[in-house]
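Summary of structural features
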Amino acid sequence: MALLEVKNLGISFGGLRAVDDFNVNINKGQLYGLIGPNGAGKTTIFNLLTGVYKPTDGSIILDGENIVGKKPAQINMAGIGRTFQNIRLFKKLSVLDNVKVGLHNHSKYSTLAGILRSPSYFREEKQMDEKAMELLAVFDLDKEAHFLASNLPYGKQRKLEIARALATKPKLLLLDEPAAGMNPNETAELMDTIKLIRDKFDITILLIEHDMKLVAGICEQITVLNFGTELASGTPEVVLNDPKVITAYLGE
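Conventions we followed
Residues numbered from 1 in each chain as written. Predicted model: local features only at pLDDT ≥ 70, side-chain atom pairs only at ≥ 80, totals over all residues. Heavy atoms only, no water. Core = buried A, V, L, I, M, F, W, Y, C linked by side-chain atoms within 4.5 Å. Buried < 20%, exposed > 50% of the residue type's maximum accessible area, 1.4 Å probe, protein only. Helix = DSSP H or I, 4+ residues; strand = E, 2+ residues; numbered from the N terminus. Domains from an automatic or database assignment. Contact = heavy atoms within 4.5 Å. Pairing = 2+ DSSP bridges. Axes fitted to C-alpha atoms, helices over the stretch in contact; angles between N-to-C directions. Phe/Tyr/Trp six-rings, centres within 6.5 Å; stacked < 30°, edge-to-face > 60°.

- An unreviewed UniProt entry lists the protein under the name Branched-chain amino acid transport system ATP-binding protein, with Mobilisporobacter senegalensis as the source organism.

This is the structure:
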């Protein structure tokens, strides 16, 4: 069953057509890859899916609901979480508090309860601490829970951003080049972790990358973009052997 259905999606900035007639169906539980060279339109599509940009045309159906026109916070509450190509952590907050920022999206105590520090406030804060520590343990970050986020090595900051996105309880997790800047060992470990969280949290993942071989090793389906349009789509084996992809993407 499709969790995300994108039909005829497009956006123009002035005279520039950044994304044109983009279509994709992603099933629940799927690990899907969106690849292409720099400037192909990958991050623009993420910004359309999350409400940062409003599409010029097309529809985005998440779990049966058209989310076009909704604000980013509303789309996050509807079930889309994301990371960014350039890490966006609260670097002056602790590792634990960065994850709790995501958990607060679903907090149940009122503003007044928070101001008055009522029993319900302390009870829910304790539950959030426990949940945040569980998420950090998945990424082997629980021992650094009280470090400042800025003091983590780069690779661990990448993992923390994914943990924070998971804290928002997404149905669909969008990962924007999560391995960018990592060494090969860190990348291999992260790819294993991504597969683990897909299974552990029973969520759907859409992954952006420009490294085709990396995505082919983890994703079940791939769409290749080139200048904002779909070049090819299918299983990694089919896409890797598509003559159009070999010519345009690999330059062979």
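**Focus on the nonpolar core**
- Leu160 and Leu173 are the most contacted members of the largest nonpolar core, which has 46 residues in total.
- In terms of residue count, helix 6 (residues 154-167) provides more of this core than any other element does, six residues in total.
- Split by domain, this core shows at least three residues from each of two domains, domain 1 (1-79 + 170-251) and domain 2 (89-168).
- Excluding its chain neighbours within four sequence positions, the residues that come into contact with Leu160 are Leu89, Val95, Asn98, Val99, Leu136, Leu141, Ala149 and Leu152.
- Counting 28 residues, the second largest nonpolar core, distinct from the first, contains Ile26, Leu62, Ile67 and Ile75.

**Structural notes on the sheet that holds strand 5 (residues 65-66)**
- Taken in spatial order, the four strands of this open sheet run 2-1-4-5, and their pairing is antiparallel. The open sheet has two edge strands, strand 2 (16-27) and strand 5, and neither has a second partner.
- Across five bridges, the pairing between strand 1 (residues 2-13) and strand 4 (residues 57-62) is antiparallel. Counterpart to Leu4 in the pairing with strand 4 is Leu62.

**Here we look at unusual backbone geometry**
- You will see that Asn8, though not glycine, has its phi angle at about 50°, which is positive.
- Even without glycine at this site, Glu177 takes up a positive phi of about 45°.

**Notes on the sheet that holds strand 3 (residues 31-35)**
- One open sheet holds the six strands; their spatial order is 6-7-8-3-9-10, and the pairing between them is mixed. Two strands close off the open sheet at either side, each with one partner strand: strand 6 (80-82) and strand 10 (229-234). Sheet twist, expressed as the average angle between the axes of neighbouring strands with direction ignored, equals 20°.
- Together, strand 3, strand 6, strand 7 (172-176), strand 8 (204-209) and strand 9 (221-226) form the strand contacts of helix 1 (residues 42-49), whose direction differs from that of strand 8 by roughly 145°.
- Set on the sheet, helix 6 makes contact with strand 6 and strand 7; between it and strand 7 the angle comes to about 160°.

**What about the side chain of Ser94?**
- The residue Ser94 is located in the loop between strand 6 and helix 3 (95-103) in this model.
- Those residues in contact with Ser94 that sit more than four places away from it in its chain are Ala145, His146, Phe147, Leu148 and Ala149.

**Considerations on the packing of aromatic side chains**
- Following the criterion strictly, the structure yields one aromatic pair and no others.
- Consider the rings of Phe13 and Tyr53, whose centres lie 5.2 Å apart with planes at 75°: the pair is edge-to-face. Here the residue Phe13 occupies a position in strand 1, and Tyr53 occupies one in the loop between helix 1 and strand 4, the gap between them amounting to 40 residues.
- Judged by its relative accessible area of 38%, Phe13 is partly exposed.

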